[in-house]
Structure formats: structure tokens, C-alpha cells
Amino acid sequence: MERVNFQAIEKKWQVKFNSSKLHNKNGKKFYCLEMFPYPSGKIHMGHVRNYTIGDVVARYKYLNGFNVLHPMGWDSFGLPAENAARLNNLNPKTWTEENIKTMKEQLKMLGLSIDWSLEISTCNKDYYKHQQELFIDFYNQGLVSRKETYVNWDPVEKTVLANEQVINGKGWRSNAVVERKKLSQWFFNITKFSDQLLKDMESLEGWPEKVKLMQKNWIGKSFGCELDFKIQSLKKNLRIFTTRPDTIFGASFIAISTDHKICENFNEDPNFKKFQKECSKIGTTEEALANAEKLGFETKLFAEHPFLKNKKLPIYVANFVLMDYGNGAIFGCPAHDQRDFDFAKKYNLPITRVVEDKNNSEVGEKMKEAYTGTGKIVNSEFLNNLSVNEAINTIINKIEEKKIGERKTLFRLKDWGISRQRYWGCPIPMIYLEDGSVVPVDKSELPITLPEDVDLNSSGNPLENHPRWKKTIHKKTGKPAIRETDTLDTFVDSSWYFLRFCSPKNEKYPFESKETNYWMPVDQYIGGIEHAILHLLYSRFFMKAVKQTNNEIKCSEPFKNLFTQGMVCHETYKDLEGNWLDPLEVEKTSEKKAIKKSDKSKVTVGPSESMSKSKKNTVDPETMIKQYGADSVRWFMLSDSPPEKDVQWSDAGVVSSSKFLQKIWNLNQSVLDRNKTKIKEDEKIQKSFENKIDLSVYKIDSAINNFQFNVAIAQFYEIYRYFNDSMKLGINNSIFIKNITKIMKLMIPFTPHLAYECLTNLNCKEIDQWPKINEKIIENSEVKMVIQINGKTRDVLAIKRNLEKDDVTKLVKKSLKANKHIMNKKILRTIFVKNKIINYIVNN
RNA sequence: GCCCUCGUGGUGAAAUUGGUAGACACAAAGGACUUAAAAUCCUUGCCCUUUUGGGAGUGCCAGUUCGAGUCUGGCCGAGGGCACCA
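First things first, this report covers the structure right here in the doc. Here the structure is a predicted model, which means the values were calculated and not measured.

The number of helices and strands found in chain A is 26 helices and 35 strands. Referenced to the eigenvectors of the C-alpha coordinate spread, the extents of chain A come out at roughly 110 × 85 × 65 Å. When burial is assessed residue by residue, chain A has 53% of its 844 residues classed as buried. Total accessible area on chain A stands at roughly 41100 Å², and carbon and sulfur atoms take up 49% of it. Computed over 130 positive and 106 negative side-chain charges, the separation of the two mean positions in chain A equals 5 Å.

Thr-243, Phe-320, Tyr-325, Arg-339 and Asn-839 are the nearest of the 53 residues found near RNA strand B. For RNA strand B, the fraction of atoms within 4 Å of the protein that belong to sugar or phosphate moieties is 65%. One of the side-chain nitrogen or oxygen atoms of Lys-294 is found 2.7 Å away from a base oxygen of RNA strand B. Here Phe-320 contributes a backbone N or O atom positioned 2.7 Å from a sugar or linking oxygen of RNA strand B. Per element, the largest residue contribution to the surface near RNA strand B is six residues, and it comes from helix α21 (residues 709-726). Looking at the surface near RNA strand B, its residues break down into 22 nonpolar, twelve polar and 19 charged.

The four strands lie next to each other as β33-β32-β35-β34, forming an open sheet whose pairing is mixed. Both edges of this open sheet fall to β33 (792-799) and β34 (827-833), since each of them pairs with a single strand only. Neighbour-to-neighbour, the strand axes of the sheet open up by a mean angle of 15°, direction not taken into account. Note: β34 against strand β35 (residues 837-842), six bridges, orientation antiparallel. The partner of Phe-832 across the bridge, within β35, is Ile-838. Along the sheet, helix α25 (residues 805-814) contacts β32 (783-789), β33, β34 and β35; its crossing angle with β35, the most-contacted strand, is approximately 70°.

What follows deals with the nonpolar core. Counting residues in each nonpolar core, the largest one holds 80 residues, and the members touching the most others are Tyr-31, Phe-188, Trp-416, Tyr-497 and Phe-498. In terms of residues, this core owes the most to one element, helix α16 (residues 534-549), which gives nine residues. Contact partners of Trp-416, with chain neighbours within four places excluded, come to Trp-186, Phe-187, Phe-188, Ile-190, Asp-489, Phe-491, Val-492, Ser-495, Tyr-538, Phe-541 and Phe-542. By size, the runner-up hydrophobic cluster in this structure holds 60 residues, among which are Phe-30, Val-68, Met-727 and Ile-731.

Another aspect to go through is the side chain of Glu-82. Topologically, Glu-82 is positioned in helix α3 (residues 79-88). We classify Glu-82 as buried; its relative accessible area is 1%.

Here the focus is empty space enclosed by the protein. In total, this model carries two cavities of 30 Å³ or more according to the counting rule given. Estimated volume of the second largest cavity: approximately 40 Å³. What lines the second largest cavity is Lys-21, Leu-22, His-23, Val-68, Leu-69, His-70, Ser-113, Ile-114, Asp-115 and Leu-118. Considered class by class, the residues forming the lining of the second largest cavity number five nonpolar, three polar and two charged.

Definitions and cut-offs
- Residues numbered from 1 in each chain as written.
- Chains lettered and ligands numbered in written order.
- Predicted model: local features only at pLDDT ≥ 70, side-chain atom pairs only at ≥ 80, totals over all residues.
- Heavy atoms only, no water.
- Helix = DSSP H or I, 4+ residues; strand = E, 2+ residues; numbered from the N terminus.
- Buried < 20%, exposed > 50% of the residue type's maximum accessible area, 1.4 Å probe, protein only.
- Areas by Shrake-Rupley, 256 points an atom, 1.4 Å probe, with all protein chains shown as cover.
- Lys, Arg positive; Asp, Glu negative; His and termini not counted.
- Charge placed at Lys NZ, Arg CZ, Asp CG, Glu CD.
- Near = heavy atom within 4 Å.
- Polar contact = N/O pair within 3.5 Å; in protein donor to acceptor, adjacent residues only side chain to side chain.
- Nonpolar A, V, L, I, M, F, W, Y, C, P; charged D, E, K, R; others polar.
- Pairing = 2+ DSSP bridges.
- Axes fitted to C-alpha atoms, helices over the stretch in contact; angles between N-to-C directions.
- Contact = heavy atoms within 4.5 Å.
- Core = buried A, V, L, I, M, F, W, Y, C linked by side-chain atoms within 4.5 Å.
- 1 Å grid on protein atoms, 1.4 Å probe; cavity = no way out; pocket = protein on both sides within 12 Å on 5 of 7 lines; lining within 4 Å.
- Points joined across faces, edges and corners; volume = space filled by probe spheres on them.

Just geometry here; none of it tells us what the structure is for.
Structure (C-alpha cells):
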């Protein structure tokens, strides 16, 4: 057989793919989108997986008559460009544009069905000018604010990080320990949508439960009430928030945050200063914080218990009370909160049980830990004998009646800090006037572009340091003004790019309403699970904010269906000194053993982990494509594991993929060659052959629909073997032509180059049309009836569908295998499930 | 600590949702073709039996059921998310 020249075929078809669109004018719209890449230099296997999955979906939908939008762009602002530029002494723009060029070529090598005429790049002023306009719109709608807050300061990157960019107290990129610093920052008021972001998730049926749960926890809604405590000596009220007002009679102290306003009273107190210092010494990692010892500073102030006349509660400043949640103050009920319990133990505060525990009757200081379960309320005057929930309601009513507080719902979600003290980002279109006021620039002045002559080598914010850039004139008054020198968090760029794709060339507006309303929401969004919270939450916020700003836009949730794919993993290798080795430097001698190619020294084979540069366990997609062809790489990517799970890259796997594609090619050739020989036809065989193919077509189609690409591929292997074996049977060759055409069409989403080439050779007229799925094939096909005796399978009979119990039993009597187990025995009972199973219960 | 998900051969995994466990693939062993190699193809895969057969078996223990990988309860293990959120 002729060996296929995958490279030649691929090159030929890519010319077509690169200029084609998946448009079916009369079809229903389908917006297929994969998360766009950061142009870091070269594509990696993670991209290959992501975009292959997306391509299968896009092509599948197109072949099924949908009008498909399948765009691609570049998330091209961000710090790596700045760092690389500094290192190579060039402009971030140059670096970025070169990377985009390289990566675009690499993506094209994969044979993706992307409509490149829609390409966008977020660092392009044609894109970010609209982003600045959106910022001003949001500002005018009250969705932007400027706040003085403690921020996470990354001392290495010299920038502010959002909470979610701090991982275990360290910067997500620099890994430097994050410091606390008070700065004036821009915020998107995402908390204005807390409730809506939470509620609308119910409508997201096409999202993985896991992602929804993560967002739900992140938003963190909790019910409770606020409550005032009188501080007689200060003649002031102290307001606290609690979710457990039912435990108010168990309160034994009040604790406030070190940043609470009341603490200003102790600014002169050296002991307080000392305490503050001690608190700040505790590590900043979250784990350290969580495990840190509870520390308190006794203020000597007392608050009055709102329901017990003579009870006075001591007020402590405590290190475990957060200023930015609730009011930065709590009441402590040691018996029913573990933190309060630990604190009470340390400072010898009374412990009063107010909720009964069925399994533990210990009370007061004898309790070994806090009881947080439900039960009957005790020691609580008018709350006694109520359940926890009843008590919460009763006490809140009482609090509201007495006008000392009210019902309150609190969210854990915080506003989104978007200021970054960096150069390579979208400039914030705000200016500072001489009178101290801050106003947006006039829209006619957009875009506010980045200067190209910038010094990236001195520390701090490059825009701030630029000699002229920040000096401007306020258009309305003609007075001098200073530009905001912070740039936007790059998460802003990726929060609306999916909207821009609907009308990427429009110069006047961020997006045209008509186009946007037609294409949005994204019907299938595909990307990594690492964006489960940030990117997806921000995008959802943007959609809602856009809808509020622009009443022509109808969509309120950007992504109808979400699919999160797993990572690509590879074995790790270490040499004798413990240095990581690239797979290219290693020669495998057996499954678990390997040697170094250069000096034949022993190599330790480590577990398979997600590919990363630091572990050197990466495999370069371009090399693989050049060696085995894009179709083989795509095929392998989808064949081994379900797409939502991690996949192990293996060279052996991709080799076998390419061998299989060769076999498919050979099969095509054989079918074409077979015409020359005369065949004696057998109608029965022909019919059963066609049935079997139709059944496979059906199975592959439903597997694709369910994102079970690995199952679909297993079907291809099976059907190939069956097809190949059938070649010697009495089947008319026109039937083979017809059916291999079906199979090759099914392969288009997976291996488009090979499939199109074969279909062209088969002289197929309507290539871009999915084979008709015979929904009745299941009904028409035979079923395998399982014959059990006492629950043990004794035989499997292939029989006609829908046979009744008695007919089946007749057949069973004829089957020697099964019948010998029931012969001469009394059948006590028969369980019969049509088309599935018959189970005889016999007496032994 | 709290919440979630998942445990199936040497490996990646299937299993029409309660009905043949291990499809399909990788790796391994054996064989066929070949002077040889490559390529290709076939067979095997736990235990007992020479075979026909029979038995065990989806992390562990119990339960529901004619029947459990699938449902319920408990335990063990792995992964992920949140983390002093009052």
C-alpha cells in the first residue's frame, strides 16, 4: 500500500481551511469559542487540546447545518511582555507581535476551522479604545469607584494584586510574599451584582456543577443580622454582624479588628502598638493565618448586653477579626464557635452553653470544643425551647422591634480592584484636575494610547515615570490635568472579548447591538478549569454591566454552555544530580526505566504531571505535527482520555494514531480498487453490513454530542476492523463506497485534512453534510438478550427486538448452554426485562 | 477545619444509567509471515481444571434488589476548591 504523505495533504487543505468560514446562511446560529491564548511565544500542548476540542465542536455543528461563529484572538497585554522586553531590550509591542505571528502560524498547522478575518488582539488600540469607552460608560453608571484600601502589594512585580491573584499569601506570578499596603485604587463594583451573579447561575444548566459551586462559594452569601452594642464610657454604639443571633445569651465578649475605628482611641497606648506589631508579624500565608494562635488586646472597655440588663461584655481587639467583612466586629459566643472558644480558653472568659447537644451534655468550661450543630435553645430566657432556626427568627424580630439592628445578608465577594502599576496594559481613561477632582476623559479623545518611548528599567510605574505622557489638558475647561498612570488589570481585557468577536471591525462602538444580539450568548465555551472563578465571574459581571449600560443588549449571561478540559501531562525525568531533563534528552529502555542519551547515565522516571517549563516535561506541538502530522496529533489528543480529565501525552500513543490513520487511508484505497473485481452479492449480508454501519454512525454521533470523543474514537477503531473484515464478503462495492463516505464524513471533525482528502477521492458531492442519523436503527437492530439462572449469566442470545417472555423462553429451551441449568428443575420465578434480560430463579 | 469530586486489569479507559464488567487503545508475553529485521496480522491476560467448564472479581465493610461498578449507610485512600467570612 501507498504511504500517505500527511504533510502534503495537510498543507493543501490548510490553504482552504484558513480562508473558509463555517457559515450556513439558513442555519441556526452557533457561537463556538475557546479561551483565547496569551501570546507567550509558542503554542503548547494545552492549546492543542483546547483548540482541537473546540474545532471538533465547531465543525460538527457546521456539518449539521448550523451557522457557526468560530473566532480567535490574543490576550496580549500583560507582564511577561514587559519582562521579556526588558531582557531583550526591545518594546513589549514588538515582542508581542512577533509571538502572535509565530503562534498564529502554529495554530494554522493544526487545521483549525477558525475564521481568521475576525482576529482581535487586546493590546491593539483598535481594541482597547473600546475598552476605555466601556470603562467610562461603567463609570457614568456608578459601576466604577475609587477607594482607599489595603491592597495586596507584590514587592517583586511592584504592583497591586487582586485577592484572587494571591495564592497562599504569594503573588500568583512572582511567588513573592505579598505585603499589605494602603493605596487609592480603582474598582469595578462587582458586588452590586452579588445577588444576581448568584441567582442567575441557576439558569446555567450547561455549566459543570463543580464550577457553579466554586463560584457560589466565592460569592459566599450568608444570612444574619446586624446588632448594636452600647459602649457607655464612649457614649457610642458598636455595630456587629452575626449569622447566629440565637446564641446572643451565650455571648461573653466582643472582639474588634485591629483596623476598627475604635482602635484610634488606643493609638497612644504603647501596649496596643506592641500588640499591633505582633499581629503583623504572623506570616501572611493563609494557612499560617488560619492556624495562628488567637491573640487579643484587652481594651478595658465594656459593651452592654442588649438583652441582659446587668451583663457587661469586655471588648478585645483580636487578630482573627477581619475589617473587610461585616463591620469588623463580632460578639464572641465560645460555646458555639470554635474560634471564640479558643479565644475564651486563652483569656479565661466564661463559656455558656445555649444550644443543647443530644450527644454531649457537658456545659461551660468543661466543654472540650465548640458545638456548632443544631438543637434546643437553653439558658436564653425567651428563646428557651426553640430550635436554632426558630430562635434566629424570633431574636431578629425582637432586635428590629427594639430598633437596635436589623436583618442583613452579607456577601464574601469583594469589589474587583483593577488598578495595576504597570506599563503593558490598557490605560485608565481618567484625569486628575488641579482642584483635586477626578473625571473621565472626553470620549472624543479616545484612545488614550500608550507611549512607545518608555523606560522599563527603572523601578515603579513606567507611565508615572515618563517625562511627558501624564501631562494633559482637560478638554472642557482647557486647564492642565494629570492622567491616571495606572493601567487596567488584564482580566478586564478578557472580560468582553467574546462580545467584540460579534463585530470586531466596528470602529465606532465596542459592539453592534444587532450582531451582538444575534450571536450572543456563546453557545459553547471551552477552556481550562483554572479560570473557574476569576475569568468567568468577571465576564459574567461585564455582561450584566454592559446590559445595564446599553439597553439595546439583551443577553445577561455570556456563556450558555461551558466545558472545562483537563490538562496535558507527561512523565518527569531527573538525572543523577536531581536536575530535570527534557524528554528529548532521555531514552526509555523499558516502561519505568530510562537513560540519558548523552552519556547513558541512569535517569529517574517520575510521575506524570501537567506539562510545565519548570519541570521540563513539555513536548513541542510543532515538532510532533511535523513528525506525525496534525491529524495524528489531534486524533491522539482526543483518543485516550475523556476531554474533561487530564491526558497523558505518550509518543507511543501518537505513533499508533498515525498508524491507524494510515490504515483508514488504505481502506479508502482498497474500496476504490475493489471496483475492478466481480463480487457475488448476498443480500442478507449486505443488509446486516449496512445496519451495523448505521448503528456505528449513530453511536459516534451521540458520543460527539456528549463530549465523549474518546468513546467516539473507540467506535472508529471498531468499525474500521468490521469494515475491513467485510471487504472479502459478498457485498456490492457501491455499498462500500456509500458507507465509507459516511465514515469519512464522521471523521471530518477529528481529522479534517485526511477526511476531506479521502472524500474528494471518493468523489463525494456533498462533503459538508453530516450523514443522516438513523434514529430508528436502535429499534431495528437485534438485541442481545442476557440469559441468567439465579442471577448468573449463562448465555447471551442475539434475538429480534421486542420479543415477549414466552418467545424468549422457547429460544432458551433450544440453547444448550442455558437449558442445561433449568432442565429438570422447578422454575420458581422469572424476571423478564424486555430487550435486556431474562432471569430464571430455580430450586437447587 | 469546612465544602465538592473521584476510587474499575501492568496503564489510559468503556459500560445503552440497576441488567454480559474490562469495549477501544497503550505496554507486556507468545505465535504467524520473513534468511533476518522492519512493517503487518493473530492469540493470551485473576484462580481451579489437560479440555469442555467452573469460580472469584470494580478501594474496604454492611444493606436494598431476582440482579449493584452504578442506589443507601459507614470506613479507608486520592485529587480539587475555600480558608479566622463571625
